[in-house]
Amino acid sequence: MDILIAYFSSTGNTRKMAEAVSEAFSDLGAKVTARDVTSFKDREENLDLSGHDAVVFGFPIFVNRAPAIMREWLGTLEGGGRKCSTFFTYGGVNSHPAHRSTRAILEGKGFDLVSSAEFLGEHTYNRAGWEAMVGRPDESDLEVAREYAAKTLARFKGEDRGRPGEFPEGKSDDKTLDQIEKGMRASVPQLPSRMGADCGMCMDCQDLCPTSAMDAQKGEAARDKCILCLRCLAVCPENALKFADMSAFWKSILAQRGETRESLAQKKSRLYL
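Let me begin by describing the structure that accompanies this report.

Conventions we followed
- Residues numbered from 1 in each chain as written.
- Predicted model: local features only at pLDDT ≥ 70, side-chain atom pairs only at ≥ 80, totals over all residues.
- Heavy atoms only, no water.
- Phe/Tyr/Trp six-rings, centres within 6.5 Å; stacked < 30°, edge-to-face > 60°.
- Buried < 20%, exposed > 50% of the residue type's maximum accessible area, 1.4 Å probe, protein only.
- Helix = DSSP H or I, 4+ residues; strand = E, 2+ residues; numbered from the N terminus.
- Contact = heavy atoms within 4.5 Å.

Each pair of aromatic rings is reported with the distance of its centres and the angle of its planes. According to the stated counting rule, one finds 14 aromatic pairs in the structure shown. Ring centres 6.4 Å apart and planes at 20 degrees place the aromatic pair Phe57 and Phe59 in the stacked group. Pair check on accessibility: Phe57 and Phe59 agree, each one buried. For the ring pair Phe87 and Phe119, a centre distance of 5.7 Å and an interplane angle of 55 degrees mean the geometry is tilted. Of this pair, Phe87 sits in strand β4 (residues 83-90) while Phe119 sits in strand β5 (residues 112-120); the two residues are 32 residues apart in sequence, bridging distant segments of the chain. Comparing Phe87 with Phe119, the two get one shared label, buried.

Once that is clear, we can look at helix α3 (residues 98-108). Residues of α3 that are buried include every one of Ala98, His99, Arg100, Ser101, Thr102, Arg103 and Leu106, and no others. Turning to α3, the residues buried within the fold contact β3 (54-60), α2 (68-74), β4, β5, α5 (174-187) and β8 (270-272). Backbone geometry just after α3 places Gly110 at a positive phi near 90 degrees.

Written out as structure tokens, the structure reads:
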């Protein structure tokens, strides 16, 4: 069984889970190829599915769904009846309708979705004042990843012919979520920026940006391209880039949901089979 794992990982959570799933597949005797499609240049080369029996797609959840650029990218693929699975990483706030939304795209492109999963990880905005899922993913999340790999492999091989039922819809429809995404980008007072400070000009922030939004010479991201994924902050070896303080937003989220950092931390990664 030859499995391709294609994943988008802006701050490292999804990459960590992709590596855990890949290792588990390998331990079970499968051949695994991992493909990072996070940066813009990574997606310029077509994803060749020939030679792979099945595909696993791993994405973070941005505003309750896979990132918009990933939803668009999936629309360029052709499944040809190939079995696939999805997994998502998120900071414990909202995970739906990511599974339902992504399955609709994949099945529309000829893939046969056999399973899905969601794994907890530190929220992207922990770099901007949040305190969501600190220390995650942890061993409990990795154990769920190993279970996910074993059960998904059985379905890829036809030993288990089950399929997920209907995924939860979530509280907002796609049109509303589109508006929220656009509104967030417009309302953030400060996009990733060096704030005029010097740096060593390694160019990683620009070269690894998922949307080619970052201009390393200017030391700032373009508002019409930036998706607030904070990959530029994650890859900067000098911690030269800064982002807006979103701690007030964090407190608002907790208040709206009647949650605390501790109550959110009690959430568990889970499978959808």
